[in-house]
Amino acid sequence: MARRLALVALAVLPWPELRVRPMLSAGAGALHVSVDGEAAWPYRGVHSARWAFSADAGLGAEIELVRGLDIYP
């Protein structure tokens, strides 16, 4: 089985002057899943693959420890 995910996301950090500030993100992309089956003779193995739309949304916080060093819990 194989899985591949491609996602493009955009993050917004309002109020950059605060030490603890909210972070909002949203993204969209594609998911590809495939599977290969094996079988003993006289049966045949099967290969199947599908594409699907993928979406992502997030809400979090960024904490500034010192200037230039942030963490995202």
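Attention here is on the structure that accompanies the text. Everything numeric here is computed off the predicted structure, so don't read it as measured data. (Residues numbered from 1 in each chain as written. Predicted model: local features only at pLDDT ≥ 70, side-chain atom pairs only at ≥ 80, totals over all residues. Heavy atoms only, no water.)

This part takes up the sheet that holds strand β1 (residues 2–12). Strand order in the open sheet formed by four strands is β1-β2-β3-β4, and the pairing between neighbours is antiparallel. Two strands lie at the open edges of the sheet, namely β1 and β4 (69–71), each paired on one side alone. Taking the axes of each pair of neighbouring strands and ignoring which way they run, one obtains an average angle of 30° across the sheet. (Pairing = 2+ DSSP bridges. Helix = DSSP H or I, 4+ residues; strand = E, 2+ residues; numbered from the N terminus. Axes fitted to C-alpha atoms, helices over the stretch in contact; angles between N-to-C directions.)

What follows deals with the environment of Ala52. By the element assignment, Ala52 lies in strand β3 (residues 47–66). A sequence separation of 16 residues divides Ala52 from Gly68, and the C-alpha atoms of the two residues are 38 Å apart.

Here the focus is the side chain of Glu64. You can see Glu64 is positioned in strand β3. A residue is classified by how much of its surface remains accessible, and Glu64, at 14% relative accessible area, is buried. Other than its neighbours up to four places away in sequence, Glu64 contacts Leu18, Arg19, Arg21, Leu69 and Asp70. (Buried < 20%, exposed > 50% of the residue type's maximum accessible area, 1.4 Å probe, protein only. Contact = heavy atoms within 4.5 Å.)

Locating Trp51 in the fold gives a position in strand β3. Spatially, the C-alpha atoms of Trp51 and Ser34 are 8.9 Å apart, while their sequence positions differ by 17 residues. Apart from the residues lying within four places of it in its own chain, the contact partners of Trp51 are Ala30, Leu31 and His32.

Any functional reading would require information that these geometric values do not contain.
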